[in-house]
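What follows is the residue order along each chain.
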Amino acid sequence: MMDQKLIDKYNVPVPRYTSYPPANFFTTFTNKQYLEAVEESNDARNNHISFYIHMPFCRRLCHYCGCNSYPMKRPEVVNAYIDCLHQEIDRVAAHLRKDRKISQIHYGGGSPTAIPAAQLKELNDHMLSLFPTIEHPEIAIEAHPGFLTSADWQALVDCHFNRFSIGVQDFDEKVLKAVNRQPSQLPMEEIFKILRKAGATINMDFLFGLPYQTPDSFQRAIEKASDLHPDRLVTFSYGHVPWVFKRQQILEKLGLPNAEDKNEMFQRAATVMERAGYYQLGLDHFVLPEDELYIARQQKILHRNFQGYCTLRTTGQVYAFGVTGISQLDGAYAQNGKDIEEYIQNIQAGDLCIRKGYALSHAQRLVREVIESLMCNYHFSFRAIADHLRVTSQEVKDACHLDPNILQDMQDDGIITWDGDTLSMTDERSPFVRNVAASLDPLMVNTDRKFSKPI
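Because the structure is predicted, anything quoted here is derived from the model rather than measured.

### Some thoughts on the pairing of strand β6 (residues 133-143)
At step 1: Taken together, the five bridges between strand β5 (residues 102-109) and β6 define a ladder with parallel strand orientation. Bridge pairing in β6 links Ile102 to Thr133.
At step 2: In terms of handedness, the path from β5 via helix α4 (residues 117-130) over to β6 forms a crossover that is right-handed.

Shown next as structure tokens:
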């Protein structure tokens with residue numbers, strides 16, 4: 001187990017680094033700036049296309065949720081929203097080179113599975129009609145099992161989805177009731193039978209750090225999950241940011257596990273998954289040795305975008321559609337506005353609805369490579385990154401915030417090994433990879449931004 005002194009020292013607010021720069025550094029961005037970045041993305045080194053569809057609607061809002069989700073709207077509003085997604089797709093696709101290939105389609109939310117399967121299929125058919133695909137593209141959806149019958153699961157399979165991320169969060173109904181989440185309508189074994197028959201791959205997503213969870217109870221949940229043998233299992237650490245998402249204040253009143261208990265939950269989950277033949281990937285994923293993500297991690301070429309971990313084969317420029325969707329391009333990020341009615345009005349008027357974004361400088365693109373490599377592979381080499389980007393090692397170092405005293409302190413604490421060029425996380429200290437990334441980030445020097453804690 002990790003020393004409590006180390007937990008106390010490093011369990012401080014730092015970015016999650018699902019992007020660099022983090023999303024709370026985004027500033028005002030325009031539709032024109034976005035379309036210019038889209039045009040530029042046609043000439044990026046990796047120009048595969050990754051489409052992201054944001055479905056903001058939920059039948060029930062979970063108290064812990066840090067996503068951009070909203071209560072289910074009237075059918076006419078939902079239908080108008082879906083129609084606007086089709087229009088937005090066409091509007092952006094007009095600026096993309098037609099020889100580029102789709103490598104990923106991903107639906108997030110909200111609860112994408114709250115939308116009728118027929119409408120999801122129409123969206124998939126639309127996108128797949130516009131561009132060719134790579135061999136075996138990943139077409140994924142985040143699925144809430146609380147409201148889906150066996151017929152619903154089969155209908156989703158018929159929509160071309162080949163990867164399902166099932167949002168279990170916990171099997172304990174006391175925990176689920178406390179956070180206002182509907183338990184699975186079907187036994188998980190029945191869901192697996194339907195999806196396995198279709199040849200789909202299955203992720204199971206869990207969340208630790210919720211009210212009434214204990215190391216013992218969370219271990220039991222992960223043991224039950226490992227018996228089902230999903231392709232991937234994800235253990236997200238609950239990020240408590242009530243100043244951003246007010247409904248999280250409800251959980252404070254119920255009581256949240258302390259950092260020591262949260263760390264033990266994760267360590268026990270990792271032990272269970274290791275014994276079941278899984279390997280840890282990044283902060284929170286557990287995968288089987290034949291998984292292409294694990295192979296990429298072994299080769300130190302794993303990537304990540306807002307959709308999660310990906311390989312060189314499936315990674316691409318991300319073009320996001322729908323409210324709050326974030327496009328993740330080679331030179332810029334662009335985020336749609338959050339108001340559903342405003343989004344519909346803008347799209348129906350023949351426009352886009354970009355409100356925030358960030359144009360990366362040359363130096364920030366270098367820092368992004370360093371932090372992405374560290375977050376995904378727990379390792380980076382300035383020399384290797386410089387060779388990949390065709391710049392000098394010193395140029396990459398100068399772009400980062402390198403404080404020898406901080407790095408030496410982390411090395412003394414057994415968190416990293418560092419020789420002046422190559423930095424690697426030690427296995428037992430991997431939960432603090434966010435801290436190491438933050439120490440290299442120039443944007444974190446004297447920042448006033450707020451973040452969640454790593455544990």
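### Here's the deal with the pairing of strand β8 (residues 201-208)
At step 1: The buried count for β8 comes to seven of eight residues, which makes it a mostly enclosed element.
At step 2: Sheet topology places strand β7 (residues 163-169) next to β8; six bridges connect them, and they run parallel. Pairing of Ser165 across the sheet is with Asn203, part of β8.
At step 3: With six bridges connecting them, β8 and strand β9 (residues 232-237) associate as parallel partners. Looking at β9, one finds that Asp205 is bridged to Val234.

### Focus: the packing of aromatic side chains
At step 1: As enumerated under the stated definition, the model contains 18 aromatic pairs in all.
At step 2: Considering the side-chain rings of Phe161 and Phe164, the 6.3 Å spacing of their centres and the 65° angle between planes classify their relative orientation as edge-to-face.
At step 3: According to the relative accessible area criterion, Phe161 is buried, its value standing at 3%.
At step 4: For the ring pair Phe266 and Phe286, a centre distance of 6.2 Å and an interplane angle of 40° mean the geometry is tilted. Of this pair, Phe266 sits in helix α10 (residues 259-275) while Phe286 sits in strand β11 (residues 285-287), and the two are 20 residues apart along the sequence. For the pair shown, Phe266 and Phe286 are each scored as buried.
At step 5: In this structure an aromatic cluster arises from ring pairing among Phe51, Phe131, Tyr319 and Phe321.
At step 6: When the ring centre of Tyr212 is taken as reference, the NZ or CZ atom of Lys174 above it lies at 4.4 Å.
At step 7: Over the ring of Tyr309 we find Arg304; its NZ or CZ atom is 4.4 Å from the centre of that ring.

### Overview of a nonpolar patch on the surface
At step 1: A grouping of Tyr212, Ile250 and Leu254 is seen on the molecular surface, where their side chains present a nonpolar patch of about 250 Å² in accessible area.
At step 2: Tracing the backbone shows Ile250 in helix α9 (residues 249-254).
At step 3: Classification of Ile250 by relative accessible area gives partly exposed; the value is 35%.

Rules used in this analysis
Residues numbered from 1 in each chain as written. Predicted model: local features only at pLDDT ≥ 70, side-chain atom pairs only at ≥ 80, totals over all residues. Heavy atoms only, no water. Pairing = 2+ DSSP bridges. Helix = DSSP H or I, 4+ residues; strand = E, 2+ residues; numbered from the N terminus. Right-handed = clockwise from strand over helix to strand, strands pointing away. Buried < 20%, exposed > 50% of the residue type's maximum accessible area, 1.4 Å probe, protein only. Phe/Tyr/Trp six-rings, centres within 6.5 Å; stacked < 30°, edge-to-face > 60°. Lys NZ or Arg CZ within 6 Å of the ring centre and 35° of its normal. Patch = residues over 30% accessible without salt bridge, like charges linked within 9 Å, V, L, I, M, F, W, Y side chains within 5 Å. Areas by Shrake-Rupley, 256 points an atom, 1.4 Å probe, with all protein chains shown as cover. Salt bridge = Lys/Arg side-chain N within 4 Å of Asp/Glu carboxyl O.

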